Amino acid sequence: MILHLTVVLTQGILAPAILMGAIILAIVEFYTPTGEGIEDLLVRIIPAFIIGAFIDGLLVYMFNFGKYVIEPAFNGNLGALLFLVAVLAPGLAVTWNVEWSHKHGFRG
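So, how was this worked out
The residue count restarts for each chain, going from 1 along the sequence in the order it is written. Local features are withheld for residues below a pLDDT of 70 in this predicted model, meaning they are given only at 70 or higher, and side-chain atom pairs are given and counted only at 80 or more; totals for whole chains, interfaces and linings count all residues. Derived side-chain values reflect all non-hydrogen atoms in the structure, with water molecules and hydrogen atoms excluded from consideration. On a range of 0 to 100, pLDDT expresses the predictor's confidence in each residue. Helix and strand assignments come from DSSP, with helices taken as H or I runs of at least 4 residues and strands as E runs of at least 2, each series counted from the N terminus. Residue burial is assigned from relative accessible area. The probe radius is 1.4 Å, only protein chains are included, and a residue is buried under 20% of its type maximum, exposed over 50%, and partly exposed in between. Lines fitted to C-alpha atoms define the axes, with helix axes restricted to the stretch in contact, and inter-axis angles between N-to-C directions lie between 0 and 180 degrees. Under this scheme an angle from 65 to 115 degrees is roughly perpendicular, one under 35 degrees roughly parallel, and one over 145 degrees roughly antiparallel; angles in between are oblique. Note on convention: near helix rotated counterclockwise from far helix by under a right angle means a left-handed crossing. Clockwise means right-handed. The contact definition used throughout considers only heavy atoms, calling two residues in contact when any of these lie within 4.5 Å. Should a side-chain nitrogen of Lys or Arg be within 4 Å of a carboxyl oxygen of Asp or Glu, the pair is scored as a salt bridge. Think of it this way: Lys and Arg go in the positive column, Asp and Glu in the negative one, and His and the chain ends go nowhere.

**Brief notes about the confidence of the model for the chain**
Move 1: A residue-level look at the chain finds 87% of positions with pLDDT of 70 or above and a mean pLDDT of 79.
Move 2: Mean pLDDT per element in the chain: strand β2 (residues 6-7) is the minimum at 68, and helix α2 (residues 38-62) is the maximum at 84.

Next up, the structure:
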């Protein structure tokens, strides 16, 4: 967060909450038929991201993700940077899988 032109470290809840929302959306897309349109997508995506934001947002807040991972990454800690890359790669894979599942689906 930027406050009066100064970077202030918060808990870093947003990125992990979005990642967990994508994971829950992937689970929803696996078990539902192929999506038909934007209304179908919105009915699936909004509850999935709300549930994911609540679950992972709470976990990130409780375990101080910002203090233990984001702050060392800002300061150049190689281990923290590698951890963030290791979290980003599966996040992109899950997002790609959700998109494929929405168009094709396993049921249908």
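That shown, we press on.
**Considering unusual backbone geometry**
Move 1: Even without being a glycine, Asn 64 presents a positive backbone phi close to 50°.
Move 2: Within the secondary structure, Asn 64 is located in the loop between α2 and α3 (65-74).
Move 3: The class of Asn 64 is partly exposed, set by a relative accessible area of 28%.

**Remarks on the packing of helix α1 (residues 14-30) against α2**
Move 1: Relative to each other, α1 and α2 sit at 135°, their axes nearing to 7 Å. Here α1 is positioned oblique relative to α2, judged by the angle of their axes. The crossing of α1 and α2 is right-handed. Of α2, the residues touching α1 (which contributes Pro 16, Ala 17, Ile 18, Met 20, Gly 21, Ala 22, Ile 24, Leu 25, Val 28 and Glu 29) are Leu 41, Arg 44, Ile 45, Ala 48, Phe 49, Ile 51, Gly 52, Ala 53, Ile 55, Asp 56, Gly 57 and Val 60.

**Re the pattern of salt bridges**
Move 1: Counted by the stated rule, this structure contains one salt bridge.
Move 2: A salt bridge links Lys 67 to Glu 71; the shortest N-O distance between them is 3.5 Å. With a gap of four residues between them, Lys 67 and Glu 71 both fall in helix α3, about one helical turn apart.

**Some words on the side chain of Asp 56**
Move 1: Considering the arrangement of structural elements, one finds Asp 56 in helix α2.
Move 2: Of the side chains with opposite charge, Lys 67 comes closest to the buried, unpaired Asp 56, at an N-O distance of 20 Å.

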